[in-house]
Amino acid sequence: MKTKIIVLFLIILNICSGALYALEISGMQIMIIAGASLKKQSIEQGSSARIVTYEVDKPLDEVISFYEAFLNGDSFSVIRGRQNNIFDASVKKNNVMFSLRIYPDVSKPRSSDRGRSPSGFRPDKAKEQETSDLGPRVLHSNAGKTMIQFIW
Amino acid sequence: MVKKLLLVIFAFFLSGCSTLYNPATGRNEFIMINSQTEVQLGRSVVNDFIKEHPLVRDQKMQERALAIGRKVAFVSERKDIEYNFYVIEDKELNASTFPGGFIFMNKGLMDVLNDDELAYVLAHEVGHVAARHIAKKIQSNMAYQLLLGVAFAGTGSGSGENAQTIAQGVDTVYNLISLSYSRKDEYEADRLGVKYAYLAGFNPYGAINALEKIKQGEGPSWKILGYFRTHPYVEDRQKALKTIIPEVAKKK
Ligand SMILES: [Zn+2]
């Protein structure tokens, strides 16, 4: 009951703070957090998986909390989830299944990252995160920008 | 020209994706399924596999595979999954590795290999898992919805519904597992295998002996049967191992 109220609150907050829109995955509407813009769409050859990536100018933690509340409140089954400050989950509800990843944007290194590799990732640091999927992406994020990726 | 264009498309594709730094390969890679999903996918297929392939009852043999397997897995770069090692009743000289680190040795292989040789064979399989060769093979060749369906069946939340679809998905994973690894994957798994075996305290030259023993044991049709059907390019690998082993041993 409590989580449903939180989800409702988040939805209302989302509507109030900007245009609400949703992504349709196998006939199900998945809410896209307010302020997010579509960054990229592609189809993976072989698996025919559709990959849709959004970018939002909000802190990573806020975006992860938003989607955690959404998935919990709507009773999705989840494999994995938040780990090492990123969110990486396979989710399922009825016959609708997809993967959701939320991670910091590292496409343009911050000014403090000068001298590092173009992707903003340092193998020496990445090794510290070796048990983490998406490990190095966690280390040097563009301040504030968060990526939301759906795969289905 | 076509190759160049493909490279550009590939780079563009990657630019919008979350990539994973894989410490085993030293590369940033795009892996669609997280580790737990890979484990659930493997569990689902293994549940089916062991119905057809009973485990050896000889507890000492199981313990030997487990003890050596755990030693080589312990030094691998991929630690976000738990590796499982089992021996099945099968005389063929072969090993099967499923997504998520489920590694099955045939009894036939256990009977002919000494500990150093077995360490290499197990470590080579761990190398395929750590380098995510299996996950990549599956994600590139299997419908993503089918893949997720099989993975959720492994958690129990998919059972009961779409049993036929799940069975089809399990079959697809079987087929993909039984496809040969590429030359590049084989070299990589050998390099990792030798490294893990050496770091775990085994004689890395066991690799050369193991391949020779399997070749001898398989008889004239060794290229198309058993172990070398899924792990091919053996002559080239044997040559490469002679260079790899001293390099690996020097690095410690
Ligand atoms: Zn191999």
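Every chain's residues receive numbers from 1 upward, in the order its sequence appears when written. Chains carry letters and ligands carry numbers; both start at the beginning, A for chains and 1 for ligands, and go up in the order they are written. A pLDDT threshold of at least 70 governs which residues receive local features in this predicted model, and a stricter bar of 80 or more applies before side-chain atom pairs are shown or counted, although totals over entire chains, interfaces and linings include all residues. Here the side-chain values reflect all heavy atoms present in the structure, with hydrogen atoms and water set aside.

**Student:** Now, about the packing of aromatic side chains: what can you tell me, with residues and values included?
**Tutor:** When we look at a pair of aromatic rings, we describe it by the centre distance and by the angle of the planes. Side-chain rings of Phe, Tyr and Trp, where Trp is taken by its six-membered ring, are said to pair if the distance between their centres is within 6.5 Å; with planes under 30 degrees apart they count as stacked, over 60 as edge-to-face, and otherwise as tilted. Applying the stated rule across the entire model yields 15 aromatic pairs over all chains. With centroids separated by 6.0 Å and ring planes inclined at 50 degrees, the aromatic side chains of Phe-98 of chain A and Phe-150 of chain A adopt a geometry described as tilted. In this pair, Phe-98 of chain A is assigned in strand 7 (residues 96-104) and Phe-150 of chain A in strand 8 (residues 146-151), connecting sequence segments 52 residues apart. When a residue's accessible area, from a 1.4 Å probe over protein chains only, is under 20% of the maximum for its type it is buried; when over 50% it is exposed; and in between it is partly exposed. Residue class for Phe-98 of chain A comes out buried when judged on its relative accessible area of 1%. For Phe-150 of chain A, a relative accessible area of 0% puts it in the buried group. Ring plane angle 80 degrees and centroid distance 5.4 Å describe the contact between Tyr-227 of chain B and Phe-228 of chain B, whose orientation is recorded as edge-to-face. Think of it this way: any DSSP run of H or I at least four residues long counts as a helix, any run of E at least two long counts as a strand, and we number them from the N terminus.

**Student:** I'd like a rundown of the pattern of salt bridges, residues and numbers included.
**Tutor:** Residue and element names in this part refer to chain B. Basic side-chain nitrogens of Lys or Arg form a salt bridge, by our definition, when they fall within 4 Å of a carboxyl oxygen of Asp or Glu. Applying the stated rule across the entire model yields 20 salt bridges over all chains. In this structure, the salt-bridge partner of Arg-183 is Asp-236, at a minimum N-O distance of 2.4 Å. Pair noted here: Arg-183 is in helix 9 (residues 183-199) and Asp-236 is in helix 12 (residues 234-251), with a separation of 53 residues, a long-range link. A relative accessible area of 27% places Asp-236 in the partly exposed class. Across the pair Arg-237 and Asp-190 runs a salt bridge, and its minimum N-O distance is 2.7 Å. Pair noted here: Arg-237 is in helix 12 and Asp-190 is in helix 9, with a separation of 47 residues, a long-range link. Exposure remark for Asp-190: the relative accessible area of 1% places this residue in the buried category. When salt bridges that share partners are traced, they join Arg-27, Glu-29, Lys-136 and Glu-188 into one network.

**Student:** Talk me through the coordination of the zinc ion; I want residue IDs and the actual numbers.
**Tutor:** All names here are of chain B. The protein atoms that coordinate the zinc ion are His-124 (NE2), His-128 (NE2), Glu-186 (OE), Glu-186 (OE) and His-231 (ND1), at distances spanning 1.9 to 2.6 Å. On the primary sequence, the residues serving as donors to the zinc ion are separated as H-x3-H-x57-E-x44-H. Of this pair, His-128 sits in helix 5 (residues 115-130) while His-231 sits in the loop between helix 11 (227-230) and helix 12, and the two are 103 residues apart along the sequence. Here the two residues His-128 and His-231 agree in accessibility, since each one is buried. Because water is not among the atoms used, a metal site may look incomplete, as its donors are only the N, O and S atoms within 2.8 Å, or 3.2 Å for Na, K and Ca.

**Student:** Just give me the short version of the nonpolar core, but keep the residues and values in it.
**Tutor:** Residue and element names in this part refer to chain B. What makes a nonpolar core is a set of buried Ala, Val, Leu, Ile, Met, Phe, Trp, Tyr and Cys residues whose side-chain atoms join them at distances within 4.5 Å. Among the nonpolar cores identified, the biggest contains 83 residues, and Tyr-83 and Val-121 are the most heavily contacted of them. Looking at which element gives the most residues to this core, the answer is helix 5, with nine residues. By the convention used here, residues are in contact when the closest approach between their heavy atoms is within 4.5 Å. If we ignore the near neighbours within four places in the chain, the residues touching Val-121 are Met-105, Leu-109, Leu-113, Ala-210, Ile-214 and Tyr-227.

**Student:** Outline the layout of surface pockets, listing residues and values.
**Tutor:** All names here are of chain B. Empty space within the second largest pocket amounts to approximately 330 Å³. Only protein atoms enter the 1 Å grid used here. Points where a 1.4 Å probe fits but cannot escape make up a cavity, open sets with protein on both sides within 12 Å along at least five of seven lines make up a pocket, and a residue lines them when an atom lies within 4 Å of a point. Phe-49, Asn-94, Ser-96, Ser-178 and Arg-229 are, among the 19 residues lining the second largest pocket, the residues nearest its centre. Those elements giving two or more residues to the lining of the second largest pocket turn out to be strand 4 (95-98), helix 8 (163-177) and helix 11. Per-element tally for the lining of the second largest pocket: the top contributor is strand 4, with four residues. Three classes are used, and their members are as follows: Ala, Val, Leu, Ile, Met, Phe, Trp, Tyr, Cys and Pro are nonpolar, Asp, Glu, Lys and Arg are charged, and the others, Gly among them, are polar. A class-by-class count of the residues in the lining of the second largest pocket yields six nonpolar, nine polar and four charged. Grid points are joined across faces, edges and corners, and a volume is the space filled by probe spheres set on the points.

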